[in-house]
Amino acid sequence: MSTVRIFMLVPILCLYLAFPTALLAVLEYFLAKLENLWPGRVLPILSVVNSLCWTLVVLLNLVGPASPVLFLIPLAVLVIFNIPTLIFLLVYKNTRRRFTERRAMDRKDIQDL
């Protein structure tokens, strides 16, 4: 019965991750636009650490006979909690690419003057 409850947590986790991820993706956009590279890398790093911590918590709290299904639960938690990491990385890469292209165009314009 506890395995059924754990699988019911997956949609709830998705709902509780969607809204904060959207808000933090906006923050990531503004952090990635800064001149320094590191402020834009903070949220993806923290997101990876968060996903690893939650996976470790789930793995350490598994109780019962060893079955293949129980080993898939921490893997599912790891994948679900790394979705925000992927979103943050996509926002970071896209924003930095635009930033560097715009910066190169500005340098070219200054050299043309």
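On a predicted model such as this, the values are computed, not experimentally measured, just so you know. (Residues numbered from 1 in each chain as written. Predicted model: local features only at pLDDT ≥ 70, side-chain atom pairs only at ≥ 80, totals over all residues. Heavy atoms only, no water.)

### Some thoughts on the packing of aromatic side chains
(1) Moving on: Inspection of the entire model under this criterion finds 2 aromatic pairs.
(2) Moving on: The interplanar angle of 70° and the centroid separation of 5.3 Å between the aromatic rings of tyrosine 29 and phenylalanine 30 together place this pair among those described as edge-to-face.
(3) Moving on: For tyrosine 29, a relative accessible area of 31% puts it in the partly exposed group.
(4) Moving on: Their ring planes at 10° and their centres at 5.8 Å tell us that tryptophan 54 and phenylalanine 81 sit as a pair that is stacked. In this pair, tryptophan 54 is assigned in helix 2 (residues 38-60) and phenylalanine 81 in helix 3 (residues 68-81), connecting sequence segments 27 residues apart. (Phe/Tyr/Trp six-rings, centres within 6.5 Å; stacked < 30°, edge-to-face > 60°. Buried < 20%, exposed > 50% of the residue type's maximum accessible area, 1.4 Å probe, protein only. Helix = DSSP H or I, 4+ residues; strand = E, 2+ residues; numbered from the N terminus.)

### Section: the packing of helix 3 against helix 4 (residues 83-112)
(1) Moving on: For the pair helix 3 and helix 4, the least separation of the axes is 4 Å and the interaxial angle reads 25°. The orientation of helix 3 relative to helix 4 falls into the category roughly parallel. Between helix 3 and helix 4, the contacting residues are Val79, Ile80 and Phe81 on the first element and Ile83, Pro84 and Thr85 on the second.
(2) Moving on: Here the contact of helix 3 with helix 4 is composed, by residue class, of 5 nonpolar, 1 polar and no charged. (Axes fitted to C-alpha atoms, helices over the stretch in contact; angles between N-to-C directions. Parallel < 35°, antiparallel > 145°, perpendicular 65-115°, else oblique. Contact = heavy atoms within 4.5 Å. Nonpolar A, V, L, I, M, F, W, Y, C, P; charged D, E, K, R; others polar.)

### Overview of helix 2
(1) Moving on: Under the 1.5 Å per step criterion, the end-to-end length of helix 2 is 33 Å for 23 residues, consistent within 8% with the ideal 33 Å.
(2) Moving on: Here helix 2 has its buried residues at Gly40, Leu43, Pro44, Ser47, Ser51 and Thr55. (Expected span 1.5 Å × (residues − 1).)

### What to know about a nonpolar patch on the surface
(1) Moving on: On the surface, Leu37, Trp38, Ile45 and Val49 cluster together into a nonpolar patch covering about 380 Å² of accessible area.
(2) Moving on: With respect to the helices, strands and loops of the structure, isoleucine 45 is situated in helix 2.
(3) Moving on: Since its relative accessible area comes to 44%, isoleucine 45 is described here as partly exposed. (Patch = residues over 30% accessible without salt bridge, like charges linked within 9 Å, V, L, I, M, F, W, Y side chains within 5 Å. Areas by Shrake-Rupley, 256 points an atom, 1.4 Å probe, with all protein chains shown as cover. Salt bridge = Lys/Arg side-chain N within 4 Å of Asp/Glu carboxyl O.)

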